[in-house]
Amino acid sequence: FEIASLTIVIASSMWMAVDIDLNHAVMLHQADIGFQVVGNTVCFFFTVELIIRMLAFKKKRDIFKDFWCVFDLLLVAAIVLETWVLWFVIAACGLE
């Protein structure tokens, strides 16, 4: 699990460089389908990874005592907000 997670982090970092160079869309939902698929896949993977890590704690309140878990929680929250929540807000408000 740890090796798979690290591999995805490295691949995601390399993909960000490609995304910055080649994706000229302002929002993910305006990008080409390949960028959308990768963006949603990365968001899904990191969300699932965080849930699995959180489920591993016997006492759920200990999640907030683990610096790296809290750090990852904040990063995943930002990714989810940018990838999924913002899209729903834009679609619901008809701002497209």
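Residues numbered from 1 in each chain as written. Predicted model: local features only at pLDDT ≥ 70, side-chain atom pairs only at ≥ 80, totals over all residues. Heavy atoms only, no water.

*Asks:* I'd like a rundown of helix H2 (residues 33-55), residues and numbers included.
*Replies:* With 23 residues, H2 extends 33 Å between its outermost C-alpha atoms, agreeing within 8% with the 33 Å of an ideal straight helix rising 1.5 Å per residue. Taken as a whole, H2 has its buried residues at Phe 35, Gly 39, Val 42, Cys 43, Phe 46, Thr 47, Glu 49, Leu 50 and Met 54. The elements touched by buried residues of H2 are helix H1 (2-22) and helix H3 (67-93). (Helix = DSSP H or I, 4+ residues; strand = E, 2+ residues; numbered from the N terminus. Expected span 1.5 Å × (residues − 1). Buried < 20%, exposed > 50% of the residue type's maximum accessible area, 1.4 Å probe, protein only. Contact = heavy atoms within 4.5 Å.)

*Asks:* Residue-level account of the nonpolar core, with values.
*Replies:* With ten residues, the main nonpolar core is built from Val 42, Cys 43, Phe 46, Leu 50, Met 54, Phe 57, Ile 63, Cys 69, Val 76 and Val 80. If you list the elements that add at least two residues to this core, you get H2 and H3. Every residue in contact with Val 76, bar those within four places of it in the chain, is listed here: Phe 46, Thr 47 and Leu 50. (Core = buried A, V, L, I, M, F, W, Y, C linked by side-chain atoms within 4.5 Å.)

*Asks:* Break down the confidence of the model for the chain for me, with residues and values.
*Replies:* With 99% of its residues at a pLDDT of 70 or more, the chain has an overall mean of 93. Model confidence for the chain, summarised as mean pLDDT per element, is weakest for H1 at 92 and strongest for H2 at 95. (pLDDT = per-residue confidence, 0-100.)

*Asks:* Break down the packing of H1 against H2 for me, citing the residues and quoting the values.
*Replies:* It is at 11 Å that the axes of H1 and H2 come closest, and there the two elements cross at 150°. In terms of orientation, H1 and H2 fall into the roughly antiparallel class. Judged by the twist between their axes, the crossing of H1 over H2 is left-handed. Residues Ala 4, Ser 5, Ile 8, Val 9, Ser 12, Trp 15, Val 18, Asp 19 and Leu 22 of H1 form the contact with H2, whose own contacting residues are Gly 34, Phe 35, Val 38, Val 42, Phe 45, Phe 46 and Glu 49. (Axes fitted to C-alpha atoms, helices over the stretch in contact; angles between N-to-C directions. Parallel < 35°, antiparallel > 145°, perpendicular 65-115°, else oblique. Left-handed = near helix turned anticlockwise from the far one by under 90°.)

*Asks:* Break down the environment of Ala 25 for me, with residues and values.
*Replies:* Within the fold, Ala 25 resides in the loop between H1 and H2. Residues Ala 25 and Asp 66, 41 residues apart in the sequence, show an inter-C-alpha distance of 36 Å. Setting aside its immediate chain neighbours within four residues, Ala 25 contacts Gln 30 and Ala 31.

*Asks:* Now, about the packing of aromatic side chains: what can you tell me, with residues and values included?
*Replies:* Evaluated as defined, the whole model comprises six aromatic pairs. Taken together, a centroid distance of 6.1 Å and an interplanar angle of 15° make the contact between Phe 67 and Phe 71 stacked. Here the residue Phe 67 and the residue Phe 71 both occupy positions in helix H3, the gap between them amounting to four residues, near one helical turn. Look at Phe 67 and you get exposed, because its relative accessible area is 55%. What makes Phe 71 partly exposed here is its relative accessible area of 36%. When the centroid spacing of 4.8 Å and the interplanar angle of 75° are considered together, the rings of Trp 87 and Phe 88 count as edge-to-face. Residue Phe 88 is classed as exposed on the basis of its relative accessible area of 53%. (Phe/Tyr/Trp six-rings, centres within 6.5 Å; stacked < 30°, edge-to-face > 60°.)

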